[in-house]
Amino acid sequence: MMPDRRPGDGVASAPVARHANNRVSALPELLVLDLGGVLFPSAMPGIVADVASDVGVDRERVRRHVDTALLHALWSGEVSIDVFWARIASSTGAPLSPARRARWASRVAARMRPLPALRCLPVWSRHVRIGILSNHRAEWARPALARAGVLDLLDPVLISSETGCVKPEADAFAQLERLGVAPSRILYVDDRAAARRGAARVGVRTRAADPAGRWASDLGLLLAGAVRAPTGRSRPPRAGGP
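Nothing here was measured: the structure is a model prediction, and the numbers come from that model. In this numbering scheme, every chain counts its residues from 1 along its sequence in written order. Where local features are concerned, this predicted model is filtered to residues with pLDDT of at least 70; where side-chain atom pairs are given and counted, the filter is 80 or more; whole-chain, interface and lining totals use all residues. Computation of side-chain values: all heavy atoms of the structure, hydrogens and water removed.

Caption draft 1: Highlighting the pairing of strand β2 (residues 129-134). Type-normalised accessible area, obtained with a 1.4 Å probe on protein chains alone, sets the label of each residue: buried when under 20%, exposed when over 50%, and partly exposed for intermediate values. Starting at the N terminus, helices and strands are each numbered in turn, a helix being any DSSP run of H or I of at least four residues and a strand any DSSP run of E of at least two. Of all six residues in β2, six are buried; the element is thus mostly enclosed. On β2, burial covers both faces: R129, G131 and L133 on one face and I130, I132 and S134 on the other are all buried. Pairs of strands are assigned from DSSP output, requiring at least two bridges between the strands. With four bridges connecting them, strand β1 (residues 30-33) and β2 associate as parallel partners. Of the residues in β2, the one forming a bridge with L33 is I132. Here β2 pairs with strand β3 (residues 154-159) via four bridges, running parallel.

Caption draft 2: Spotlight on the pattern of salt bridges. Note on definitions: salt bridges are taken to be side-chain nitrogens of Lys or Arg within 4 Å of carboxyl oxygens of Asp or Glu. Scanning the model with the defined rule gives 16 salt bridges in all. Between D50 and R111 there is a salt bridge, with the nearest N and O atoms lying 2.8 Å from each other. Note that D50 is positioned in helix α1 (residues 43-55) and R111 in helix α4 (residues 98-111), a separation of 61 residues in sequence. When salt bridges that share partners are traced, they join D54, R100, R103 and R107 into one network.

Caption draft 3: The arrangement of the nonpolar core in detail. Side-chain atoms within 4.5 Å are what join buried Ala, Val, Leu, Ile, Met, Phe, Trp, Tyr and Cys residues into a set we call a nonpolar core. L31, L33, L39, W124 and W215 are the most contacted members of the largest nonpolar core, which has 32 residues in total. Residue assignment for this core shows that the elements contributing at least two residues are β1, α5 (121-124), β2, α6 (138-147), β3, β4 (186-190) and α10 (214-228). Broken down by element, the residue count for this core peaks at five residues, all from α10. Pairs of residues are marked as contacts when any of their non-hydrogen atoms sit within 4.5 Å. Dropping the residues within four chain positions of it, L33 is found in contact with V38, L39, L121, I130, G131, I132, L133, Y188, V189 and W215. W75, F84, I88 and V108 belong to the second-largest nonpolar core, a separate cluster that totals 23 residues.

Caption draft 4: The arrangement of the environment of S160 in detail. Position of S160 among the secondary structure elements: in helix α7 (residues 160-163). Between the C-alpha atoms of S160 and L74, which are 86 residues apart in sequence, the distance is 9.1 Å. In terms of polar contacts, S160 uses its side chain to reach the backbone carbonyl oxygen of W75, at 2.7 Å. Polar contact is the term for a pair of N or O atoms within 3.5 Å; when the atoms are in protein, one must be able to donate a hydrogen and the other to accept it, and sequence-neighboring residues count only if both atoms are side-chain atoms.

Caption draft 5: Structural context of the sheet that holds β1. Taken in spatial order, the five strands of this open sheet run β3-β2-β1-β4-β5, and their pairing is parallel. Pairing within the sheet leaves two strands with one partner each, and these edge strands are β3 and β5 (205-208). Ignoring strand direction, the axes of neighbouring strands in this sheet form an average angle of 20°. Here helix α9 (residues 193-201) sits on the sheet in contact with β4 and β5, set at roughly 165° to β5. Between the N-to-C directions of two axes lies an angle of 0 to 180 degrees, each axis being a line fitted to C-alpha atoms and, for a helix, fitted only over the stretch in contact.

Caption draft 6: Quick look at the packing of aromatic side chains. Ring pairs are drawn from Phe, Tyr and Trp, using the six-membered ring of Trp, whenever the two centres fall within 6.5 Å, and their geometry is named by plane angle: stacked under 30 degrees, edge-to-face over 60, tilted for the rest. Enumeration according to the criterion identifies six aromatic pairs in this entry. Judged by centre distance (6.1 Å) and plane angle (80°), the rings of F173 and Y188 are edge-to-face. Taken together, the residues F173 in helix α8 (residues 170-174) and Y188 in strand β4 connect sequence positions 15 residues apart. Like Y188, F173 is buried. Counting every residue linked through ring pairs, the aromatic cluster contains W75, F84, W85, W104 and W140.

Set out below in structure tokens:
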């Protein structure tokens, strides 16, 4: 019986798969990943659904208010998570009791379940430097990465609530130009087209994170091929390392 493999575990001898014009075709020196939709489910759809269900209001109403009035302030770190909960509750007309706040917070943590690609990071990190560039809250993202056992594998970890830089704004992608790696040697994976366009504007190669995980399978095969080849690259050292 063939062993069950997750996307990206790849030690197959097949060539790197080709998917239209969106493929991983050359081994990067630095692999930069988004979090939502790449390593974890996107946070905000779940938050909107939980709030709407909990207070009994229309989900679309909550989504519109979050998108237009709250999202940038949350991701940029301009407001605390407690202020975010207070404002989203106020927009629905519902009181924010300590129990409701705790319930919403616990649901965020419960939804931070690893997607299959996250389980590939320990293998990938032996052969390529891996970093994070994400619109997220460090209070949610760092514990989830630590629970998954991968936080110490990542360099850099650029989370918008800590950096104040929110994708797809230009300053978010300018951070990639200060990592000591030529932009053409960076591969950035994101499920959002606007973010990929922002990365491409600074010369970074991009790949869409498709729901089927084909991007991870491609990358796993590419890394496996590099390891087998006599001239295969080893993982570059972290910045400032020996």
